[in-house]
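Descriptive analysis of the structure
Chain residues, written in single-letter form:
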Amino acid sequence: GAGVSQSPSNKVTEKGKDVELRCDPISGHTALYWYRQRLGQGLEFLIYFQGNSAPDKSGLPSDRFSAERTGESVSTLTIQRTQQEDSAVYLCASSRHMGTANSYEQYFGPGTRLTVT
Amino acid sequence: GDSVTQMEGPVTLSEEAFLTINCTYTATGYPSLFWYVQYPGEGLQLLLKATKADDKGSNKGFEATYRKETTSFHLEKGSVQVSDSAVYFCALSDPPDMRFGAGTRLTVKP
């Protein structure tokens, strides 16, 4: 079956512009995550969606970052007034469920490489 | 808070060499532990996992044992191949998010 897909794969934008990144999770996966991976660094948790519950936004680095998810499908991550420090690979992952059984595997998309010039 | 500390890279080995990538964690509860691998140009893939103390995860010749007494989950492989060249991430499940290590880049030379 299809995996997690993300678009665009690469995005180059000028400082100050807004960008929108898209994630299509695996069908039936109720949980969706966004991470940021700066060059040579580990993954930084940004935001988490679980079903129709309010998202956990605790990882968003500033109010320029926001994300939405329609039901249990597509999610978009929006970065307003981009800065050079926003340059990174943005990864999306989905999993079947995040309940008390915390070992559910996350399936990652290929990422969107964002470059802010 | 919970965290993962991973052996810094890069690591360069010859084919058929023994691999160890160290990973230690700090957690208040009883997390699940994971190793993810990121091949060049691809997304992260789960390599193996362990959900409780003394569990051993294994896949593709890689192994890691959940050691509660040493809070470790070291990744090992007895004989690496060129195709194992990738970045390896240790992670723990801290619901709702995962805590990832910084990643260790492994290069295997023929």
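Remember, predicted model here, so these are calculated numbers, not experimental data.

1. Comments concerning the state of the cysteines
Across all of its chains, the model carries two disulfides over all chains by this definition. Through a disulfide, A:C23 is tied to A:C92; the S-S separation comes to 1.9 Å. With the S-S bond torsion at -65°, the cross-link from A:C23 to A:C92 turns out left-handed. Of this pair, A:C23 sits in strand β3 (residues 19–24) while A:C92 sits in strand β8 (residues 88–95); the two residues are 69 residues apart in sequence, bridging distant segments of the chain. Across this residue pair, the class does not change: A:C23 and A:C92 are buried. Here B:C23 is linked by a disulfide to B:C90, with a sulfur-sulfur distance of 1.9 Å. Handedness of the B:C23-B:C90 disulfide follows from its S-S torsion of about -70°: it is left-handed.

2. Observations concerning the layout of surface pockets
Reported here for the largest pocket is a volume of approximately 620 Å³. If you trace the largest pocket, you find 27 residues lining it, with A:Q37, A:G40, B:Q38, B:V87 and B:R105 closest to the centre. Broken down by secondary-structure element, the contributors of at least two residues to the lining of the largest pocket are β10 (86–94) and β12 (104–109) of chain B. Classifying every residue of the lining of the largest pocket by side-chain character gives ten nonpolar, twelve polar and five charged.

Cut-offs applied
- Residues numbered from 1 in each chain as written.
- Chains lettered and ligands numbered in written order.
- Predicted model: local features only at pLDDT ≥ 70, side-chain atom pairs only at ≥ 80, totals over all residues.
- Heavy atoms only, no water.
- Disulfide = S-S within 2.5 Å.
- Helix = DSSP H or I, 4+ residues; strand = E, 2+ residues; numbered from the N terminus.
- Buried < 20%, exposed > 50% of the residue type's maximum accessible area, 1.4 Å probe, protein only.
- 1 Å grid on protein atoms, 1.4 Å probe; cavity = no way out; pocket = protein on both sides within 12 Å on 5 of 7 lines; lining within 4 Å.
- Points joined across faces, edges and corners; volume = space filled by probe spheres on them.
- Nonpolar A, V, L, I, M, F, W, Y, C, P; charged D, E, K, R; others polar.

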